[in-house]
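Observations on the three-dimensional arrangement
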Amino acid sequence: PLMRPLLRDLSVKPTPAMAGATKAKFCELLRLRASTPLIGLVDAADVRAKVNFPGCGIGNTPGVIVMQVRNGPAAAAPAGPPLCPKFARVVIVFSAHLEDVWIPVPAAPAAEPLPITSDLPRWTGAK
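Residues numbered from 1 in each chain as written. Predicted model: local features only at pLDDT ≥ 70, side-chain atom pairs only at ≥ 80, totals over all residues. Heavy atoms only, no water.

**Concerning the overall build of the protein**
The criterion, for reference: Helix and strand definitions here come from DSSP, where helices need a minimum of 4 consecutive H or I residues and strands a minimum of 2 consecutive E residues; each element is numbered from the N-terminal end. Remark: exposure states derive from per-residue accessible area (1.4 Å probe, protein chains only) relative to the maximum for the residue type, with buried under 20%, exposed over 50%, and partly exposed in between. Whether two residues are in contact is decided by their heavy atoms: any pair within 4.5 Å suffices. Surface accessibility follows the Shrake-Rupley procedure with a 1.4 Å probe radius. Residue values consider only the protein chains on display as shielding.
What the protein contains, in helices and strands, is three helices and three strands. Taken over 127 residues, the protein has a buried fraction of 20%. Of the contacts made within the protein by residues no fewer than 6 positions apart, 49% connect residues no fewer than 24 positions apart. Total accessible area on the protein is roughly 9,400 Å²; 66% of this is exposed by carbon and sulfur atoms.

**Some words on the side chain of Lys50**
Among the structural elements, Lys50 can be located in helix H3 (residues 44–50). Lys50 has contacts with Leu41, Gln68, Val69, Arg70, Gly72, Pro73 and Leu83, leaving out every residue within four places of it along the chain.

**A short note on the sheet that holds strand E2 (residues 64–70)**
Our working rule: Strands are treated as partners if at least two bridges between them are detected by DSSP.
Spatially, the three strands line up as an open sheet ordered E1-E2-E3, and their pairing is antiparallel. The sheet is open, and its two edges are formed by strand E1 (51–52) and strand E3 (89–95), each paired on a single side. The pairing of E1 with E2 spans two bridges and is classified as antiparallel. Bridging from a neighbouring strand, Asn52 pairs with Gln68 of E2.

**Some words on a nonpolar patch on the surface**
Quick reminder of the rule: Patch membership requires more than 30% relative accessible area and the absence of a salt bridge. Residues of like charge join within 9 Å; the nonpolar side chains Val, Leu, Ile, Met, Phe, Trp and Tyr join within 5 Å. Put simply, a salt bridge is a Lys or Arg side-chain nitrogen that is within 4 Å of an Asp or Glu carboxyl oxygen.
The grouping of Leu2, Met3, Leu6, Leu7 and Val12 at the surface amounts to a nonpolar patch, some 560 Å² of accessible area in total. One can find Leu6 in helix H1 (residues 4–8). Overall, the relative accessible area of 45% leaves Leu6 in the partly exposed class.

**A short note on the pattern of salt bridges**
Scanning the entire structure with this criterion turns up two salt bridges. Between Glu28 and Lys25 there is a salt bridge; the shortest N-O distance is 2.9 Å. Linking Glu28 with Lys25, this pair stays in helix H2 (residues 16–34), spanning three residues, or about one helical turn. Residue Glu28 is classed as buried on the basis of its relative accessible area of 7%. When its relative accessible area of 38% is taken as the criterion, Lys25 is described as partly exposed.

**Regarding the pairing of E2**
Within E2, five of the seven residues are buried, leaving the element largely enclosed by the surrounding structure. Sheet topology places E2 next to E3; seven bridges connect them, and they run antiparallel. Across the sheet, the residue bridging to Val64 is Ser95, located in E3.

**Considerations on the nonpolar core**
One broad trend across soluble globular proteins is that nonpolar side chains are buried collectively. Inclusion rule: What is meant by a nonpolar core is a set of buried Ala, Val, Leu, Ile, Met, Phe, Trp, Tyr and Cys residues, joined one to another through side-chain atoms within 4.5 Å.
If you look at the biggest cluster of nonpolar residues, it comprises 10 residues: Leu32, Leu38, Ile39, Leu41, Val51, Met67, Val69, Cys84, Val90 and Ile92. Broken down by secondary-structure element, the contributors of at least two residues to this core are E2 and E3.

Next comes the structure, spelled out in structure tokens:
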């Protein structure tokens, strides 16, 4: 309902630059998803066991969602190998802000951005 009036307004048209930026961001998200099986879990039991949202909720930064996916064996094969051979966890920050936002980092060893996100603002923790 919120976007319906804008979608109906023929005077509101994306520019070629907007379309290009949208395509580039979408391709970046696809590369990020392909970089680890921790993004794109398909088993509901794995999602329940491995995904959480630290620092989200009442009293936290509005417009920011922090999602953490911890590695480990698949729920269907608890004695098996970890799902991802490269990472112990993946932390993804979704922000509706145009400017940098400082948020607390979930307790864990120092994290580095994946190489494909190196041009994005870095999530460096509390300011």
